Amino acid sequence: MLPELNGMPVGAEAIRRLACDAGVVRMVTGPDSEVLDIGRTTRTVPAALRRVIDRRDGGCTTPGCDAPTAWCDAHHIVHWADGGPTNVDNLRLLCRRHHTVIHESEAAARAGPGP
Ligand SMILES: [Zn+2]
Ligand SMILES: [Zn+2]
């Protein structure tokens, strides 16, 4: 049974990615990354902080990517669910595509070498 978000079944990693920037969910994950709780809003990137990061990064921070700030999410380098703070040092801009890539590679790293 997958958890649902707005009626759509979603995986734990998609929830982590959405939660990274959207500030819409709180979630608690167990040892196998299963989602145990999705609930209230607990964090957002305030507009003033986002403006500082937009000015500093000027767009997606992935080398070779020139996506403008408007296409970018503010990515928590240490995920807020892992205790990462919502501050300028822990946030970097990533376009939607690279934001998805980085969360999927983090998921792969946590899972370890697969079969
Ligand atoms: Zn992120
Ligand atoms: Zn990018």
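Keep in mind the model is a prediction, meaning the values are calculated, not measured.

By the element assignment, Ile102 lies in helix H3 (residues 96-111). Ile102 sits 40 residues away from Thr62 along the chain, and the two C-alpha atoms are 9.9 Å apart. The residues contacting Ile102, other than those within four sequence positions of it, are His75, Arg92 and Leu94.

According to the stated counting rule, one finds three salt bridges in the structure shown. Put simply, Arg50 and Asp54 hold a salt bridge, and the shortest N to O gap is 2.7 Å. Linking Arg50 with Asp54, this pair stays in helix H2 (residues 47-57), spanning four residues, or about one helical turn. What makes Arg50 buried here is its relative accessible area of 17%. Between Asp73 and Arg96 there is a salt bridge, with the nearest N and O atoms lying 2.6 Å from each other. Of the two residues, Asp73 is situated in strand S5 (residues 72-76) and Arg96 in helix H3; the sequence distance between them amounts to 23 residues. What makes Asp73 buried here is its relative accessible area of 8%.

A large share of S5 lies buried, amounting to five of its five residues. Across the two faces of S5 the burial is the same, with Cys72, Ala74 and His76 and Asp73 and His75 all buried. Inspection of the sheet shows S5 paired to strand S6 (residues 91-95) by five bridges, in the antiparallel sense. Paired with His76 across the two strands is Leu91, which belongs to S6.

Around the zinc ion (ligand 2), the protein contributes the donor atoms Cys60 (SG), Cys65 (SG), Cys95 (SG) and His98 (ND1), at 2.0 to 2.3 Å from the metal centre. Mapping the donors of the zinc ion (ligand 2) onto the primary sequence gives the spacing C-x4-C-x29-C-x2-H. Linking Cys65 in the loop between H2 and S5 with His98 in helix H3, this pair joins segments that are 33 residues apart in sequence. Owing to a relative accessible area of 13%, His98 belongs among the buried residues under this scheme.

Definitions and limits used
- The residue count restarts for each chain, going from 1 along the sequence in the order it is written.
- Naming scheme: in the order in which they are written, chains are lettered from A and ligands are numbered from 1.
- Under the rules for a predicted model, residues below a pLDDT of 70 receive no local features and side-chain atom pairs below 80 are neither given nor counted, while totals for whole chains, interfaces and linings still include all residues.
- Only hydrogens and water are set aside when side-chain values are computed; all heavy atoms of the structure are taken into account.
- Helical segments are the DSSP runs of H or I of at least four residues, strand segments are the runs of E of at least two, and each set is numbered from the N terminus.
- Contacts between residues were defined by any pair of non-hydrogen atoms, one from each residue, lying within 4.5 Å.
- Any Lys or Arg side-chain nitrogen located within 4 Å of an Asp or Glu carboxyl oxygen qualifies as a salt bridge.
- Burial classes: relative accessible area under 20% of the type maximum marks a residue as buried, over 50% as exposed, and values in between as partly exposed (1.4 Å probe, protein chains only).
- In short, DSSP must find at least two bridges between two strands for them to pair.
- With water excluded from the atoms, a metal site may look incomplete; its donors are any N, O or S atoms within 2.8 Å, or within 3.2 Å for Na, K and Ca.

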